[in-house]
Amino acid sequence: MIMLQEKVIEYSKEIGAGLIGFAPVSRWYEADVPPDFYPDALWSDCKTVISISVPSLLPIVETKISHLYRSQYDILNRRLDEIAYLIALFLIGKGYASLHVSRDGYGHQRMLRKNPCTAFSHVWAAYYAGLGTIGINQTLITKEYGPRHRLVSVFTTAEMQGSPMIVKNLCNRCGICVRMCPEKVFSQNEKNGRNNMNKIKCANQAFDGNPYNHCGFCIKTCPVGEDRKLYHAAKTQEYLAAHHDYTKWTMGIGGNLTGDRLSG
Ligand code: SF4
Ligand code: SF4
């Protein structure tokens, strides 16, 4: 089985996956995830979930909301679904029934706005597959890209070895995401000390009346991620200085991309 796993990794890199990890379904049994959304509750034959991530490029994320970002978002979504489908086909070719779970498992934004708990969580899948840890902003924080990436999952009947999970929380609890959120959707859960997120409020926020245009401040301002070094954007204090002055967001910190001129 290890050889099969190595082949899946090799193949996934060839077809454009950024990060990949493997999570046996048993890892869900001690989770905060509702049991109805365990992988084997959704598909009883499932033995392993393969989690795949591709990066969002920081200077383009910083232009969010913009056509430039929207274009990147569409490319990433198409690519993720294709990668997951091809990995499922690869495993089927080796004799293991498999299927891909598309990156927006809730189907449509309208459903998310009505009830955010209607879908399989790729974030939890990626956490159990060792890709990263879950931050205060409720995203999967990775060493490589912080929260600036998108996820997809493959369910397979192949019993694969679980990837080592990351023990030390990558979220440093700096609170920038909480301070920058214009909708104030994050609050502390007094019972367990974790953070709650009002996902409906987040899904309903839109600066220009388009529900697809999340502001994404909680993602673009997170200081974690090697991508920040690559784009010379390690100093995140500038975000706080421009706090809620949206006109300044087109300046971009990562690589000084002028989103207003590039994306309109
Ligand atoms: S901005 Fe800070 S608190 Fe928020 S997820 Fe990133 S590291 Fe954690
Ligand atoms: S996308 Fe915007 S509104 Fe939603 S949680 Fe992040 S900062 Fe808040």
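Residues numbered from 1 in each chain as written. Chains lettered and ligands numbered in written order. Predicted model: local features only at pLDDT ≥ 70, side-chain atom pairs only at ≥ 80, totals over all residues. Heavy atoms only, no water.

Taken together, twelve residues surround ligand 2, and among them Cys181, Cys202, Cys215, Gly216 and Cys218 come closest. Among the residues forming the shell around ligand 2, the class breakdown is nine nonpolar, two polar and one charged. (Near = heavy atom within 4 Å. Nonpolar A, V, L, I, M, F, W, Y, C, P; charged D, E, K, R; others polar.)

On to the packing of helix H1 (residues 2-14) against helix H4 (residues 67-93), then. When two helices pack together, you describe them by how their axes are tilted relative to each other and by the distance separating the axes. Orientation of H1 relative to H4, taken along the N-to-C sense of each, is 145 degrees, at an axis distance of 11 Å. Crossing of H1 against H4: the hand is right-handed. Note on element contacts: H4 touches H1 through Leu86, Ile87, Phe90 and Leu91, opposite Leu4, Lys7, Val8, Tyr11 and Ser12. Of the residues that constitute the contact of H1 with H4, the class distribution is seven nonpolar, one polar and one charged. (Axes fitted to C-alpha atoms, helices over the stretch in contact; angles between N-to-C directions. Helix = DSSP H or I, 4+ residues; strand = E, 2+ residues; numbered from the N terminus. Left-handed = near helix turned anticlockwise from the far one by under 90°. Contact = heavy atoms within 4.5 Å.)

Another point: the pattern of salt bridges. Summed over all chains, the structure comprises four salt bridges. Here Glu144 ties to Lys143 by a salt bridge, and the two come within 3.8 Å at their closest N and O atoms. With a relative accessible area of 22%, Glu144 lands in the partly exposed category. A relative accessible area of 46% places Lys143 in the partly exposed class. Close ionic contact of Asp227 with Arg148 constitutes a salt bridge, the shortest N to O distance being 2.7 Å. One end of the pair, Asp227, is in helix H10 (residues 227-230); the other, Arg148, is in the loop between strand E5 (140-141) and strand E6 (149-156), with 79 residues separating them in the sequence. Neither Asp227 nor Arg148 differs from the other in exposure class; each is buried. A single network of salt bridges, built from pairs that share partners, joins Lys143, Glu144 and Glu226. (Salt bridge = Lys/Arg side-chain N within 4 Å of Asp/Glu carboxyl O. Buried < 20%, exposed > 50% of the residue type's maximum accessible area, 1.4 Å probe, protein only.)

A few words on the site of ligand 1. Around ligand 1 lies a shell formed by Ile136, Asn137, Ile141, Cys171, Asn172, Arg173, Cys174, Gly175, Cys177, Cys222, Pro223 and Val224. Of the residues contributing to the shell around ligand 1, the split by class is eight nonpolar, three polar and one charged.

With that out of the way, let us pick up the confidence of the model for the protein chain. For the protein chain, per-residue confidence averages 84 on the pLDDT scale, and residues scoring 70 or more make up 80% of the total. Counting interchain partners and residues more than four positions distant, the pLDDT-below-50 stretch residues 259-264 has nine contacts. (pLDDT = per-residue confidence, 0-100.)

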